[in-house]
Amino acid sequence: MTRFILHVGDPKCGSSSIQTSLFHGREGLRAQRILYESQNPPSGNYCLTTLIGGSTRGDDGVQMGHARNTVAKLASARGDADHIILSAENFIRQPPEDILSIVRMIDPDVQDVDVVAYVRHPAAMYLSQAQQAIKASTRFIPPGAYRRPIHEALERWENSPDVASVTVRLFDRNSLTGGDVVADFQSVLRELTDRHVTLPAARANRSLSAEQMVTLQYYRGHYCAEYQGKATPGSMRLIELFEAMNAEALVGTRARLNGRARALVEQGNINVIHWLRDHHGLPGMGERPRDAKPVPPGGDWTSIASILERVDQPLVDLLKRLLPCPDSGQPRQDEAALFSLIDSMPDKVAAIDCAVRAYWRDEVTSWAG
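Residues numbered from 1 in each chain as written. Predicted model: local features only at pLDDT ≥ 70, side-chain atom pairs only at ≥ 80, totals over all residues. Heavy atoms only, no water.

(A) Expanded view of the pattern of salt bridges. Summed over all chains, the structure comprises 16 salt bridges. Of the charged contacts in the structure, one is a salt bridge between R104 and D162, with a shortest N-O distance of 2.9 Å. Placement of R104 in helix α4 (residues 96-106) and of D162 in the loop between α6 (150-159) and β5 (165-170) is noted, with a sequence separation of 58 residues between them. When its relative accessible area of 32% is taken as the criterion, R104 is described as partly exposed. Residue D162 is classed as partly exposed on the basis of its relative accessible area of 33%. Put simply, E363 and R237 hold a salt bridge, and the shortest N to O gap is 2.5 Å. Residue E363 is located in helix α14 (residues 349-368), and its partner R237 is located in helix α9 (residues 233-245); the two are separated by 126 residues in the primary sequence. For E363, a relative accessible area of 7% puts it in the buried group. Accessibility expressed as a relative area gives 18% for R237, which makes it buried. The structure contains a network of salt bridges with shared partners spanning R3, D112 and D114. (Salt bridge = Lys/Arg side-chain N within 4 Å of Asp/Glu carboxyl O. Helix = DSSP H or I, 4+ residues; strand = E, 2+ residues; numbered from the N terminus. Buried < 20%, exposed > 50% of the residue type's maximum accessible area, 1.4 Å probe, protein only.)

Listed below in structure tokens is the structure:
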């Protein structure tokens, strides 16, 4: 009897890294009678929800074709497997019975299903979602208004009669095995399969620094303010610049919530924090005491800097000088700014110089076109 392992997310919790590793480790897994199939390494099985009426980030018709192909491959090979892995960050919020209907397309007689979920502390998830928001807008949810009852989704999985186990892991460097989500997922697979699974290393979706976040919001407000909620070619090029700069190490300060912003998020999500701690014993919750005085949510939360613990303003000023002219939008190549940036970070010279010059070339090409 084939046993299924569903990695259900949560979003922003290392899913792309896990799925890239699973994709490149397929042959090693198959040798241990564990199957995994995907059309796209960093997206995993996201497309499978098209089979139950869901939508994707791309062409749903094309994605449905990928989904049917994946199901057919797994169904035809399941006789040679003891375990089949499905992995998609959009599974977690779907009704379990809908996802299990996809599982039955692969094996109509499935009986054993193990679920694995990675979750963030609400404060960490809020910061990640705020960063994601400013990639396509100047706006983000104020910390006092943020609510994300992820425990309700997890409870639905736990209460499903067809689910044998639910493993919940905290997506936090200090809690993950080896400080890495792939290594941690590898250890979970070893427990669930009783096999010495070895997954290749993989890392994706690097975070931006505090200063890069501030610069990105500035760009969105001064160069494409009329496109709220939409990614623009210019903002995407800037994000690519920052990600390339961070290839060797983060350029700037690691983004962290300041004390008041964190307290507001915890205050609004205290039930989630208590549930994760009490039901799954997750470490590192460190929430405010139950009897703590309420934190008033008022204030101006329009600037992304307002939620951050520390921002190096001189670095922000240098990063802004790499951008096109604010009045005309015409590309500019401020060599002095680049040299100052390199001088301040001599251990990251190659990554910064290469990334900035590539960004300038792309801006010139775009302007000329």
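And the narrative resumes.
(B) Layout of the sheet that holds strand β2 (residues 34-35). The strand order across the open sheet formed by five strands is β2-β3-β1-β4-β5, and the pairing between neighbours is parallel. At either end of the open sheet lies a strand with only one pairing partner, and these are β2 and β5. Bridging between strand β1 (residues 3-7) and strand β4 (residues 113-119) involves four bridges; their strand directions are parallel. Along β4, the bridge assignment pairs H7 with V116. α4 contacts β1, β3 (83-87) and β4 of the sheet and is inclined by roughly 140° relative to β1. Its contacts with the sheet put α6 on β1, β4 and β5, and the angle it makes with β4 is roughly 170°. (Pairing = 2+ DSSP bridges. Contact = heavy atoms within 4.5 Å. Axes fitted to C-alpha atoms, helices over the stretch in contact; angles between N-to-C directions.)

(C) Spatial organisation of the packing of helix α8 (residues 210-223) against α9. For the pair α8 and α9, interaxial distance at closest approach is 10 Å and the crossing angle is 165°. The angle between α8 and α9 falls in the class roughly antiparallel. Between α8 and α9 lies a crossing of right-handed hand. Where α8 abuts α9, its residues Q212, T215, L216, Y219 and R220 lie against G234, S235, L238, I239, F242 and M245. Looking at side-chain class alone, the contact of α8 with α9 contains six nonpolar, four polar and one charged residues. (Parallel < 35°, antiparallel > 145°, perpendicular 65-115°, else oblique. Left-handed = near helix turned anticlockwise from the far one by under 90°. Nonpolar A, V, L, I, M, F, W, Y, C, P; charged D, E, K, R; others polar.)

(D) Seen up close, the nonpolar core. Core analysis: the biggest nonpolar cluster contains 70 residues, and L22, Y118, M245, I307 and I352 have the highest contact counts within it. Among the elements that take part in this core, α8 stands out by supplying six residues, more than any other. Ignoring sequence-local partners within four residues, the contact set of M245 consists of Q212, V251, L319, L341, A351, I352 and A355. Formed by 38 residues, the second largest nonpolar core is a distinct cluster that contains I84, V115, A153 and L276. (Core = buried A, V, L, I, M, F, W, Y, C linked by side-chain atoms within 4.5 Å.)

(E) Region of interest: a positive patch on the surface. Among the surface-exposed residues, R173, R203, R206, R254 and R256 lie close enough to one another that they form a single positively charged patch. Here R206 is to be found in the loop between α7 (181-193) and α8. Its relative accessible area of 37% is what places R206 among the partly exposed residues. (Patch = residues over 30% accessible without salt bridge, like charges linked within 9 Å, V, L, I, M, F, W, Y side chains within 5 Å. Areas by Shrake-Rupley, 256 points an atom, 1.4 Å probe, with all protein chains shown as cover. Lys, Arg positive; Asp, Glu negative; His and termini not counted. Charge placed at Lys NZ, Arg CZ, Asp CG, Glu CD.)

(F) Region of interest: the packing of aromatic side chains. A complete count under the given rule lists three aromatic pairs for this structure. Measuring from ring centre to ring centre gives 6.4 Å for Y218 and Y223, while their planes differ by 70°; the resulting arrangement is edge-to-face. Through pairs of rings, three or more aromatic residues link up here, namely Y218, Y219 and Y223. The ring centre of F23 lies 3.8 Å from the NZ or CZ of R26, which sits over that ring. Cation over ring: K320 sits above Y218, and NZ or CZ is 4.2 Å from the ring centre. (Phe/Tyr/Trp six-rings, centres within 6.5 Å; stacked < 30°, edge-to-face > 60°. Lys NZ or Arg CZ within 6 Å of the ring centre and 35° of its normal.)

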